[in-house]
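Observations on the three-dimensional arrangement
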Amino acid sequence: MKKEHKLYLASPLCFYPNGYDMWNSYRKEAEFYGFTVTMPNDNKLVEEGEKVTQSEMSSRIFKNCVWGITGVDGILVNLETYRGSEPDGGSIYELGMAYAVGARCYGYTRDKRTVGVKYQAARYTADAKGAKDVNGNDLGHPELPFSVNVIGSTKIIEGNFSQCLMIYRTDLEEEAKLSAVRGYSTTRDPLKVTIEKGDKPVVYVATSDRDNKDAPEKYEEMRKILNKYGFEAYFPTDRAPGVAEIETDDIYARAYNIFDRYTQHVRNCDIILCDLNDYRGGYEPNSDVSFEAGYSNMLGKKQYGYMDDIGPMVNRIPNIKTETDTRDFNGMNVENFDGPLNLMFGASVTLFDGSFEEVVRKMAEDCHGN
């Protein structure tokens, strides 16, 4: 292993009862094997006697995350479900950030069953050729264990943190051997913009309904609104120039091809507009959207998002207030940074509510005063 190989540990453990103890044990285990570990709470946030607002605190924590991920060699991310059927949105945001800087991305989960099996609220359609989620939306890629962006970016280990770390170490050893092979490289080539930019800012709309059969028709109506306010729009179902659509029966090859399309859209855009509403009856955003938000941040894209309710998280998620904090129905700490979502989004994404046209109008006013 090269000197000072840096690992970033992403997990919602900080919200678990006694979670910091477990998180710190992960750090010690990785350090035992010679890794330099960075985590969101590494740097001092508040000086003695200093008073900061909740919003400022979230901004400082987010800057710590950016600091920790910049220049990192690898990320190990907790992919367990969190407040619903999705992993923690903040952790997936960090995964997108790490992928953007060329880090090796590894995830661990105790449940690598397919979404169609482990998402128990799914209902098969009458012809048994598809499935719907709790909101009646098409259950996209039920044959995969996670969203397309998680599958495409990450080596997923079925097991715990220690098992993931062991496989990560083994892979580094194998890479070290392969580095002696003439012409072999483990470096991921930086991928480029593949569209000609015109006078209009290019917006990529990252939505959670991308797998619905009626998504293309819905997107055309949304495209008209964006064009009206001076934007050129791309959506997840649009073809991405430079990405060839492949025909294959292999579900993982197909997933990576879709992932290639999604990430190319992010690289091509000037602005990303994210649908950050709760997904599939839980309290986390869609994982594809969360990944694209984190990926776009590290690429320097301007970020906007929309939700039906942008009130504080403590008002959105059922909870009980204790003497020291606020706990949800599973005993997890509910963040109280005055934002509706995990601070990764609240500290980086400008959020709007209202109809889609109202959201676009506000975005246009913020971007170019229209």
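Please refer to the structure higher up on the page.
Residues numbered from 1 in each chain as written. Predicted model: local features only at pLDDT ≥ 70, side-chain atom pairs only at ≥ 80, totals over all residues. Heavy atoms only, no water.

Some thoughts on the packing of aromatic side chains
Stated formally: Paired rings are identified among Phe, Tyr and Trp, the last through its six-membered ring, by centres lying within 6.5 Å, and are further divided according to the angle between planes into stacked (under 30 degrees), edge-to-face (over 60) and tilted (the rest). Numbering goes from the N terminus for both helices and strands, where a helix is a DSSP run of H or I of at least four residues and a strand is a run of E of at least two. Here's how the labels work: a residue is buried when its accessible area is under 20% of the maximum for its type, exposed when over 50%, partly exposed in between, all with a 1.4 Å probe on protein chains only. Only lysine NZ and arginine CZ atoms are considered, and such an atom sits over a ring when it is within 6 Å of the ring centre and within 35 degrees of the ring normal.
A complete count under the given rule lists 19 aromatic pairs for this structure. For the pair tyrosine 283 and phenylalanine 329, a centre-to-centre distance of 6.1 Å together with 45° between the ring planes defines the contact as tilted. Here phenylalanine 329 lies in the loop between strand 13 (326-328) and helix 11 (343-346) and tyrosine 283 lies in the loop between strand 10 (271-275) and helix 9 (287-298), a separation of 46 residues in the sequence. Since its relative accessible area comes to 48%, phenylalanine 329 is described here as partly exposed. Ring geometry for phenylalanine 291 against tyrosine 295: centres 6.1 Å apart, planes inclined by 25°, an arrangement best described as stacked. Within this pair, phenylalanine 291 and its partner tyrosine 295 are both found in helix 9, separated by four residues, close to a single helical turn. The exposure class assigned to phenylalanine 291 is buried, which follows from its relative accessible area of 0%. One aromatic cluster is present, formed by Tyr99, Tyr256, Phe259, Phe291 and Tyr295 through successive ring pairs. Across the ring face of tyrosine 262, the terminal group of arginine 210 is positioned such that the distance to the ring centre comes to 4.5 Å. Note that arginine 280 overlies the ring of tyrosine 119, its terminal NZ or CZ placed 5.4 Å from the centroid.

Comments concerning the pairing of strand 8 (residues 202-206)
Rules: With strands facing away from the observer, any crossover in which the path from the first strand over the helix to the second runs clockwise is taken as right-handed. Here, strands pair whenever DSSP counts at least two bridges between them.
A large share of strand 8 lies buried, amounting to five of its five residues. Burial of strand 8 is two-sided: the residues Val202, Tyr204 and Ala206 facing one way and the residues Val203 and Val205 facing the other way are all buried. For the crossover from strand 8 across helix 7 (residues 215-228) to strand 9 (residues 232-234), the handedness is right-handed. Of the pairings in the sheet, the one linking strand 8 to strand 10 comprises four bridges and is parallel in character. When the sheet's bridge partners are listed, alanine 206 is paired in strand 10 with cysteine 274.

A word on unusual backbone geometry
The backbone phi angle of asparagine 18 is positive, close to 60°, even though this residue is not glycine. With relative accessibility at 64%, the residue asparagine 18 sits in the exposed group. We note that aspartate 338 has phi near 70°; this positive angle belongs to a residue other than glycine. Structurally, the position occupied by aspartate 338 is in the loop between strand 13 and helix 11.

Overview of helix 6 (residues 161-178)
Inclusion rule: Take the number of residues in a helix, subtract one, and multiply by 1.5 Å to get its expected span. Working definition: the arc comes from the directions between the helix axis and the C-beta atoms, pointing outward to the latter. N or O atoms closer than or at 3.5 Å make up a polar contact, with two conditions inside protein: a donor-capable atom paired with an acceptor-capable one, and, for residues adjacent in sequence, both atoms drawn from side chains.
For helix 6, built from 18 residues, the straight-helix expectation of 26 Å at 1.5 Å per residue is met to within 8% by its first-to-last C-alpha distance of 26 Å. Within helix 6, the full set of buried residues consists of Phe161, Cys164, Leu165, Tyr168, Asp171, Leu172 and Glu175. Across the axial projection of helix 6, the buried residues extend over an arc of 120°, all falling on one side. For helix 6, the capping residue at the N-terminal end is asparagine 160, with a side-chain oxygen 3.2 Å from the backbone nitrogen of serine 162.

Regarding the pattern of salt bridges
Inclusion rule: Salt bridge, as used here: a side-chain nitrogen of Lys or Arg that lies within 4 Å of a carboxyl oxygen of Asp or Glu.
If you walk through the whole model with that rule in mind, you get 26 salt bridges. Two residues, glutamate 175 and arginine 104, come together in a salt bridge whose shortest N-O distance is 2.6 Å. Taken together, the residues span a long stretch of sequence, with glutamate 175 in helix 6 and arginine 104 in strand 4 (residues 104-109) at a distance of 71 residues. Residue class for arginine 104 comes out partly exposed when judged on its relative accessible area of 24%. The closest approach of N and O atoms between aspartate 278 and arginine 316, which form a salt bridge, is 2.9 Å. Taken as a pair, aspartate 278 in the loop between strand 10 and helix 9 and arginine 316 in helix 10 (residues 313-316) lie far apart in primary sequence, 38 residues in all. Aspartate 278 sits in the partly exposed class, given a relative accessible area of 30%. When its relative accessible area of 13% is taken as the criterion, arginine 316 is described as buried. Bridged by salt links that share partners, the residues Arg27, Glu31 and Asp42 form one connected network.

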